[in-house]
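# Summary of the model geometry
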Amino acid sequence: MPTPPPESAAPGNSRVPGMVLKAFFPTCCASADSGLLVGRWVPEQTSAVVLAVVHFPFIPIQVKELLARVQQASQVGVAVLGTWCHRRQDAEESLGHFLEGLGAIFSHEPWLQLCRERGSKFWSCKATRRQAPTCPGAPGEDQVMLVFYDQRKVLLSQLHPPVALPDHQAGDAVAGAGGLAAVFDTVARSEELFRSDRFDEGPVRLSHWQSEGVEASILAELAKRASGPICLLLGGLLSLVSAASACRVFQLWPLSFIWSKLSTCEQLRHRLEQLTFVFSTQKAENPTQLMRKANVLVSVFLDVALGLALLSWLHGKDRIGHLAEALVPVADHVAEELQHLLQWLMGAPAGLKMNRALDQVLGRFFLYHLHLWISYIHLMSPFIERILWHVGLSACLGLTVSLSILSDIIALLTFHIYCFYVYGARLYCLKICGLSSLWRLFRGKKWNVLRQRVDSCSYDLDQLFIGTLLFTILLFLLPTTALYYLVFTLLRLLVVAVQGLIHVLVDLINSLPLYSLGLRLCRPYRLAAGVKFRVLEHEADRPLRLLMQINPLPFSHVIRTYRLPSCGCHPTHSWGSLCRKLFFGELIYPWRQKGDKRD
Amino acid sequence: MEDEQSFSDICGGRLALQRRYYSPSCREFCISCPRLSLRSLTAVTCTVWLAAYGLFTLCENSIILSAAIFITLLGLLGYLHFVKIDQETLLIIDSLGIQMTSSYASGKESTTFIEMGKVKDVIINEGIYMQKVIYYLCILLKDPVEPHGISQVVPVFQPVGCHLA
C-alpha cells in the first residue's frame, strides 16, 4: 500500500519527495497543435493543472503580458508550465530542439514536456528540474502521471460539500485544502483565460474548451438584461403588499387572533417571504443562494400552474354549485351521526353501566350544542355557494393556498367536534387533578409547592372524612367522564389526522427542490459529489493515463442539501409526550404556528 | 499484468480475486462475487406464486394473481439494481487516492473516491457477524478538526455482500 506522503524535506523546496507528478490535461487540447502549456502549478500536491495551449508563432513578451493580465483578473497563479509537441509528420526533429530552447525563456520548476505521436494513443512525458536536488537520492527527472479532464464540465460543476479554499487573495499560497478541490477551483476561476477564441485577432493564439467559439445563449442574455427591471418592479409590488399586511388594523385583537389560527395566512406569509427573497435586487453571493432562488421560483411556478389547473376544473361544469349543494346535507348528516352517538352514550354504550344522572346531564349538554350548530349551518346555507366561488378563485395563487383553505374549512366545519373535545378534556382533567390530590390526602400526604415534592401531612378528622367522601364520589364518576373524553378525543384525532395529511402535502410542494432535481437529472455534472478515475489503455514504460470524470450527487443528497425551509408548522410532540398528555387530559394543539406565543 | 486466484466467502460462495498491476504507482484489485443462481430464483418465484394461488382460491379475485406477477418482477428488478453486487474493484493510485467501485447485476456502478490527503491508514478490522468473527479491510479517514482523530471508518468491500474467508 502506498504510504501517505511525508513532510516536505526542506523549506524552499517546491516539491514533496516521493510523490508522482500529476499533470491534469484537458481533453479538448489532446488534438491541438504543438505549443506551450499554460496553467497552474500546485506544489503541495505536486500537480500541474494545464489550462490552455499557446500555439506558434508567438512573441514571448506578449505571452507574459497575457499571463500577467489573467493572473491579476482571476487571482490564479497562471504560468507557462512546459511544452506540448504533437508530431504530425515523421521528420520534425528541429521542433524538438526548438521546444527545448524555450525552457530557457520561460523558466519554471519543473519543466514539463509532453509529446504525442500522430496515430498513437500513447504519450511520452518528461519533467525535468534544473536545480540540483537537495535531497540525496532523488532523481533529476520525475515520474509523470497524466490525468485527462473535461474542461467544460469541471468549469461548470460544483463540489459538494463546498470546500471553502481559505485565502482567495493569495491564489497560490493556500491550495492544500483538498487536492481535487484545488483543480476545480483553478479551472473555475480562470474564466479570463478562456475569453479569447480562435476567431479573435489577438496576438496570442490559445487552445482551450472555448477556442471553437465562446458559448452563449440568447435567451440567457435576454433574461439577464430583463431581470433587473423586473426584479425592481416586482420587489416594489411585494413590499407594498407586505406593508399593507403589516398595518395597524390587522394587529387588533380579534383579527390578529384569527390570522394566527388560519393556516392559509401562514402559507400566504411564507410565499410572500419567498417571493421577496427571489425578487430582491441583491445579487446571489454564492452558488447555494442562486440554487435556492431558482428552486423557489420553480416551486412557485409549479404551484401556480397546478392551482390554475384546479381552478379550471372547479369552474367547469358548475362543479362549485354541486359542491355547495352537497355541503349542507353533509354537515347535517355529520350532525345526525353525532346525535346518534350521544344517544348511544346516554344509554348503555358497549354494555357498560354509566352513572345515569351524570350521563343525562352531559348528554343533554352536548345535544343542545349540536342543535345550536345545526341551526347556524342552516342560517349560512344561502351564502355558501357565493363564498365557495370566491374561495375557489384563490386557487390562482397556488395549489398550496387552496389546500390550506381546504384545511381551514374542515377546521371550521368541525368546530363543534373541537368544542366537545375541549369540554370533555377539561372535565376529565379536572377530575384527574382532583383524584390525584385526594388520593394523596387518602394516604396522608400532600404536595409541597415550595419544595415541589410529596410530603407527609397530618390532617384533621373532618378534613379526612370530607376528602375521602369526595374521592369516592369522583372515583365512581370517573368511567362516565372517561368514556365521553375517549369518544370525543378519538373524533378530534380523526379530524387532526385529515388536516395533518393536507399539511404534509402542502409541505411537500413547498420544500421540494425541483430545480436542483431537474438539474441532477439533465445535467448531472453540475452537482458533483466527487470524481472518479478510469485507467486508460496502458503500455509498459509509458506514463500512466487516467480519465477523471465527475461523480454526480445521489438524489437523496440533492434533496437533503437543497431542501427549502418549510412553513414551520410541524407537530411539536413526540409520541411519548402525546400519550402522556392524552392520559392526563391536557389539551393538544397539534399545529404550533410560527410566532405563536400561546401555551 | 493480471493475476487470478479463487477464494470462498464466509457464506460458502466462490469468489474470484483479480490483481492488476498497471504501473509502479497504480494497482487494481477486483473481487467477483458469485452470480445469481437459477435454483434460488426459481425457488423464490415458485413460493410467491404458490402463495398467490392459495390466496386466489380463497378470495376468487384474479387481481391477486396479476399483483403477484407484478411483485415478482419488481422485486427481481429491485434486487438486481440495488442489492446484488457483481463485482467490487479497488483502484489505488499513488499520491491521488483510493477508488472503490461496486458494479451491480443490473449494470449500475457506484463509485467512491477518497483522496490520499484524507486517508489516515488502511487496516484490517475485526467485526462480529452473527456468531462469527470476520476480518474486513477498511480505510481510516482523518478528522479535519482534530489532527490525531479519526472521523470515519470506511469498509472497502461490502461486508454483507462478499467477504474473504
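Residues numbered from 1 in each chain as written. Chains lettered and ligands numbered in written order. Predicted model: local features only at pLDDT ≥ 70, side-chain atom pairs only at ≥ 80, totals over all residues. Heavy atoms only, no water.

On to the pattern of salt bridges, then. In a structure, side chains of opposite charge can pair up when their charged atoms sit close to one another. Per the stated rule, a full pass over the model turns up nine salt bridges over all chains. Notably, a salt bridge pairs Arg542(A) with Glu539(A), separated by 3.6 Å at the nearest N-O pair. Salt-bridge contacts for Asp86(B) lead to Arg35(B); the nearest nitrogen and oxygen are separated by 3.6 Å. Here Asp86(B) is found in strand β4 (residues 85-93), whereas its partner Arg35(B) is found in the loop between β3 (26-32) and α1 (38-59), with 51 residues between them in sequence. With relative accessibility at 19%, the residue Asp86(B) sits in the buried group. Under the relative-accessibility criterion, Arg35(B) is labelled exposed at 64%. (Salt bridge = Lys/Arg side-chain N within 4 Å of Asp/Glu carboxyl O. Helix = DSSP H or I, 4+ residues; strand = E, 2+ residues; numbered from the N terminus. Buried < 20%, exposed > 50% of the residue type's maximum accessible area, 1.4 Å probe, protein only.)

For the coordinates displayed, the defined rule picks out 23 aromatic pairs over all chains. When the ring of Phe533(A) is compared with that of Phe113(B), the centres are 4.7 Å apart and the planes differ by 55 degrees; the resulting orientation is tilted. Placement of the pair is Phe533(A) in strand β13 (residues 527-535) and Phe113(B) in strand β6 (residues 109-115), with the two residues belonging to separate chains. Phe113(B) matches Phe533(A) in its accessibility class, with the two residues each being buried. An aromatic cluster is present here, built from Phe365(A), Phe366(A), Phe420(A), Tyr423(A), Tyr484(A) and Phe488(A) joined pairwise through their rings. The ring of Phe555(A) carries the charged tip of Arg520(A) above its face, separated from the ring centre by 4.6 Å. Against the face of Tyr104(B) rests Lys108(B), its NZ or CZ located 4.8 Å from the ring centre. (Phe/Tyr/Trp six-rings, centres within 6.5 Å; stacked < 30°, edge-to-face > 60°. Lys NZ or Arg CZ within 6 Å of the ring centre and 35° of its normal.)

Residues and elements named next belong to chain A. Phe 24, Phe 533, Leu 546 and Met 548 are the most contacted members of the largest nonpolar core, which has 51 residues in total. A per-element tally of this core places helix α4 (residues 179-189) first, with five residues. Excluding its chain neighbours within four sequence positions, the residues that come into contact with Met 548 are Phe 24, Val 147, Phe 148, Tyr 149, Val 154, Leu 180, Phe 184, Val 531, Lys 532 and Phe 533. Of all hydrophobic cores here, the second largest spans 22 residues; its members include Phe 25, Cys 29, Ala 30 and Leu 547. (Core = buried A, V, L, I, M, F, W, Y, C linked by side-chain atoms within 4.5 Å. Contact = heavy atoms within 4.5 Å.)

With that settled, consider the UniProt feature "transmembrane region" (unreviewed entry) in chain A. All names here are of chain A. Those places that UniProt annotates as "transmembrane region" (unreviewed entry) correspond, in this numbering, to residues 296-314, 361-379, 391-414, 463-487 and 493-517. In residues 296-314, the share of helix is 100% and the share of strand is 0%. The end C-alpha atoms are 27 Å apart. The span residues 493-517 carries 92% helix and 0% strand; its end-to-end C-alpha distance comes to 35 Å. (UniProt positions renumbered as here; feature names shortened; annotations may be inferred.)

Turning to a nonpolar patch on the surface, a few remarks are in order. Residues and elements named next belong to chain A. Taken together, Trp 253, Leu 255, Phe 257, Ile 258 and Trp 259 make up a surface patch of nonpolar side chains, about 490 Å² in accessible area. Mapping Ile 258 onto the fold places it in helix α6 (residues 253-261). Given a relative accessible area of 42%, Ile 258 falls into the partly exposed group. (Patch = residues over 30% accessible without salt bridge, like charges linked within 9 Å, V, L, I, M, F, W, Y side chains within 5 Å. Areas by Shrake-Rupley, 256 points an atom, 1.4 Å probe, with all protein chains shown as cover.)

The subject of this paragraph is the interface of chain A and chain B. With 22 residues of chain A in contact, the opposing surface of chain B contributes 18 residues. Together chain A and chain B conceal approximately 1,800 Å² of surface at their shared face, both sides included; 68% is due to carbon and sulfur atoms. The interface formed by chain A and chain B holds zero salt bridges in total. Taken together, the connections running from chain A to chain B amount to five residue pairs in polar contact (both at pLDDT 80 or more). Tallying contributions element by element places β13(A) first for the side of chain A that touches chain B, with four residues. Residues that form the side of chain A that touches chain B fall into these classes: 14 nonpolar, six polar and two charged. (Buried area = accessible area lost by both parts, 1.4 Å probe. Polar contact = N/O pair within 3.5 Å; in protein donor to acceptor, adjacent residues only side chain to side chain. Nonpolar A, V, L, I, M, F, W, Y, C, P; charged D, E, K, R; others polar.)

It is worth spelling out the confidence of the model for chain A at this point. Residues and elements named next belong to chain A. Per-chain confidence: chain A averages 81 in pLDDT, with 88% of residues scoring 70 or above. Per-residue pLDDT, averaged within each element of chain A, yields its smallest value for strand β7 (residues 141-142) (67) and its largest for helix α15 (residues 514-522) (93). Low pLDDT (under 50) marks residues 1-13, which in the prediction has 15 contacts with non-local residues, meaning those over four places away or in another chain. Contacts of residues 593-599 to residues separated by more than four positions or lying in other chains number 13 contacts, the stretch itself having pLDDT below 50. (pLDDT = per-residue confidence, 0-100.)

The next thing to look at is the domain arrangement of chain B. All names here are of chain B. By the assigned domains, chain B splits into domain 1 (2-34 + 84-155) and domain 2 (38-83). A straight line from the C-alpha centre of domain 1 to that of domain 2 covers 35 Å. On the domain 2 side, the residues contacting the six residues of domain 1 number five residues. Taking both partners together, domain 1 and domain 2 bury about 510 Å²; carbon and sulfur atoms supply 52% of that area. Interface area lost by domain 1 to domain 2 is led by Lys 84, Ser 106 and Lys 108, which between them contribute 75%. Seen at the junction of domain 1 and domain 2, the total is zero salt bridges. Our enumeration of links across domain 1 and domain 2 arrives at five residue pairs in polar contact (both at pLDDT 80 or more). (Domains from an automatic or database assignment.)

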